[in-house]
Amino acid sequence: MGISHVILYAIVPIIVVMLAGFIAGKKGAFTGEDSKKFNKVVLDFALPAALFVSIVQASREDLAKDIKLTIVSAVGIMAVFMAVYFIFKYCFKKNTGADAAVSALISGSPTIGFLGFAVLEPIFGVNPSVALVVAIVGIVVNAIGIPVGLSLMDASLAKQNPDHKKTNPWKPVLHALAQPVAWAPILAVIWVLVGIPWPKELSPSFNLIAKANASMAVFSAGITLSAIKIQINWQAVLGSIMKMIVMPAVILALGLLFKMDADNLRMLVVAAALPPAFSGIIIADEYDTYVATGTSSLTLSVILFIGFCPLWIWLTNLALSAF
């Protein structure tokens, strides 16, 4: 797999579709509210369908091979997540704990739900392994990262404002697991472990909505970016460095240490190099916390991804050949 293939089949299509969404947003054809509706279609219908139908076609052997993938994903992503939180909390005096929590939700989480399939499938092909990487990283981000980030934010807001009502710490976890994007892949894994044969005749019904996942997610991302006012500063740059350089480097190091399957490691490093999670921006906007810098870091990371995606593929292949 050459770098030219990665650029032509994974990067260029994303740029073209995202640019179309960006132009549509700037011309007023769609608004930020429309983008939220598109995102709901992706997260509640298209992505769960894509994850479910791909995973149920895997075997028990495939799942056993992915235990290391789960461990490295959870440890690597959450290690960087917490590193971002502490760096932004203690190295920038003006930042509150809530600001640092939003930073972690953005720069410590890859946007696997929106760009996972769009990037990984053109590079690694359409197969159950890609779906398992997207599912596992998605569960780490949504069922672990978001609840942890919200808990840290809640603790900071309660400290700043004694009248702030603290929420049940388990509520974000249960909410995350109740979303189709979380329980659909879990159900598919259980299906495979139980050993129930998947009727292939049912796949086309899932595939029809699943095919809308990548294109709609990328187009929606373009609309979202069109509504963002970019203000590049040192925090935005540092956030991009943590997301585009530190996270994939940590994942690569852990993958080599745990002797992960080579193909899984390649996919996981690319997944870790994806731009920041859009969910972090949504949470920032909802709490009116760290919005400008967070969105600027997101925009900068999207631009940098064009170069870092092929770079990390090359570096991963180089590391695998050396070890």
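All of the points below concern the structure found in this document.

About the criteria used
- Residues numbered from 1 in each chain as written.
- Predicted model: local features only at pLDDT ≥ 70, side-chain atom pairs only at ≥ 80, totals over all residues.
- Heavy atoms only, no water.
- Axes fitted to C-alpha atoms, helices over the stretch in contact; angles between N-to-C directions.
- Helix = DSSP H or I, 4+ residues; strand = E, 2+ residues; numbered from the N terminus.
- Left-handed = near helix turned anticlockwise from the far one by under 90°.
- Contact = heavy atoms within 4.5 Å.
- Nonpolar A, V, L, I, M, F, W, Y, C, P; charged D, E, K, R; others polar.
- Patch = residues over 30% accessible without salt bridge, like charges linked within 9 Å, V, L, I, M, F, W, Y side chains within 5 Å.
- Areas by Shrake-Rupley, 256 points an atom, 1.4 Å probe, with all protein chains shown as cover.
- Salt bridge = Lys/Arg side-chain N within 4 Å of Asp/Glu carboxyl O.
- Buried < 20%, exposed > 50% of the residue type's maximum accessible area, 1.4 Å probe, protein only.
- Expected span 1.5 Å × (residues − 1).
- Phe/Tyr/Trp six-rings, centres within 6.5 Å; stacked < 30°, edge-to-face > 60°.
- Core = buried A, V, L, I, M, F, W, Y, C linked by side-chain atoms within 4.5 Å.
- Parallel < 35°, antiparallel > 145°, perpendicular 65-115°, else oblique.

In contact at an axis separation of 8 Å, helix 4 (residues 67-90) and helix 5 (residues 97-107) are set at 145° when each is read in the N-to-C sense. Of the two elements, helix 4 crosses helix 5, and the hand of that crossing is right-handed. The residues of helix 5 that touch helix 4, namely those facing Phe81, Val84, Tyr85, Phe88 and Lys89, are Gly97, Ala100, Ala101, Ser103, Ala104, Leu105 and Ser107. Across the contact of helix 4 with helix 5, the residue classes tally to eight nonpolar, three polar and one charged.

On to a nonpolar patch on the surface. On the surface, Ile3, Ile7, Leu8, Tyr9, Val12, Val16, Leu311, Trp314 and Leu318 cluster together into a nonpolar patch covering about 830 Å² of accessible area. Broken down by secondary-structure element, the contributors of at least two residues to the nonpolar patch are helix 1 (3-26) and helix 15 (291-322). No other element matches helix 1, which puts six residues into the nonpolar patch. Secondary-structure assignment places tryptophan 314 in helix 15.

Another aspect to go through is the pattern of salt bridges. Counting across every chain of the model gives two salt bridges. Lysine 40 is the partner of aspartate 44 in a salt bridge, and the nearest nitrogen-oxygen pair spans 2.9 Å. Within this pair, aspartate 44 and its partner lysine 40 are both found in helix 2 (residues 32-55), separated by four residues, close to a single helical turn. The class for lysine 40 is exposed, based on a relative accessible area of 52%. A salt bridge links arginine 266 to aspartate 263; the shortest N-O distance between them is 3.0 Å. Residue arginine 266 and its partner aspartate 263 are located together in helix 13 (residues 262-272), separated by three residues, close to a single helical turn. Its relative accessible area of 47% is what places aspartate 263 among the partly exposed residues.

Quick look at helix 6 (residues 112-124) now. With 13 residues, helix 6 should cover 18 Å at 1.5 Å per step; its first-to-last C-alpha distance of 15 Å lies more than 12% under that length. For helix 6, the full list of buried residues reads Ile112, Gly113, Phe114, Leu115, Gly116, Phe117, Ala118, Val119, Leu120 and Ile123. Directly beyond the C-terminal end of helix 6, a positive phi value near 90° is found at glycine 125.

A complete count under the given rule lists 11 aromatic pairs for this structure. For the pair phenylalanine 30 and phenylalanine 219, a centre-to-centre distance of 5.7 Å together with 90° between the ring planes defines the contact as edge-to-face. Placement of the pair is phenylalanine 30 in the loop between helix 1 and helix 2 and phenylalanine 219 in helix 11 (residues 212-226), with a sequence separation of 189 residues. Linked through ring pairs, Phe52, Trp191, Trp198 and Phe206 together constitute an aromatic cluster.

Let us look at the environment of phenylalanine 278. With respect to the helices and strands, phenylalanine 278 occurs in helix 14 (residues 278-287). Sequence separation of phenylalanine 278 and serine 109 is 169 residues, and the distance between their C-alpha atoms is 9.1 Å. Leaving out residues up to four positions away in the same chain, phenylalanine 278 has contacts with Thr111, Phe114, Ala221, Thr224 and Leu298.

Another aspect to go through is the nonpolar core. Phe117, Val119, Val134, Val137, Met153 and Cys309 are the most contacted members of the largest nonpolar core, which has 91 residues in total. Residues contacting valine 137, with those up to four places away along its chain left out, are Ser73, Ile77, Pro110, Ile112, Leu268 and Ala271.

By relative accessible area, aspartate 44 is classed as buried at 19%. Leaving out residues up to four positions away in the same chain, aspartate 44 has contacts with Gln179 and Pro180.

The backbone of lysine 259 sits at a positive phi, close to 55°, despite the residue not being glycine. Among the secondary structure elements, lysine 259 is positioned in the loop between helix 12 (234-257) and helix 13. Looking at lysine 259, the relative accessible area reads 67%, which means it is exposed.

Look at helix 13 against helix 15: their axes get within 9 Å of each other, and the N-to-C directions meet at 150°. In terms of orientation, helix 13 and helix 15 fall into the roughly antiparallel class. Judged by the sense of rotation from one axis to the other, the crossing of helix 13 with helix 15 is right-handed. Side by side, helix 13 and helix 15 meet where Ala262, Leu265, Arg266, Val269 and Val270 of the first sit next to Cys309, Trp312, Ile313, Thr316, Asn317 and Leu320 of the second. The class makeup of the residues in the contact of helix 13 with helix 15 is eight nonpolar, two polar and one charged.

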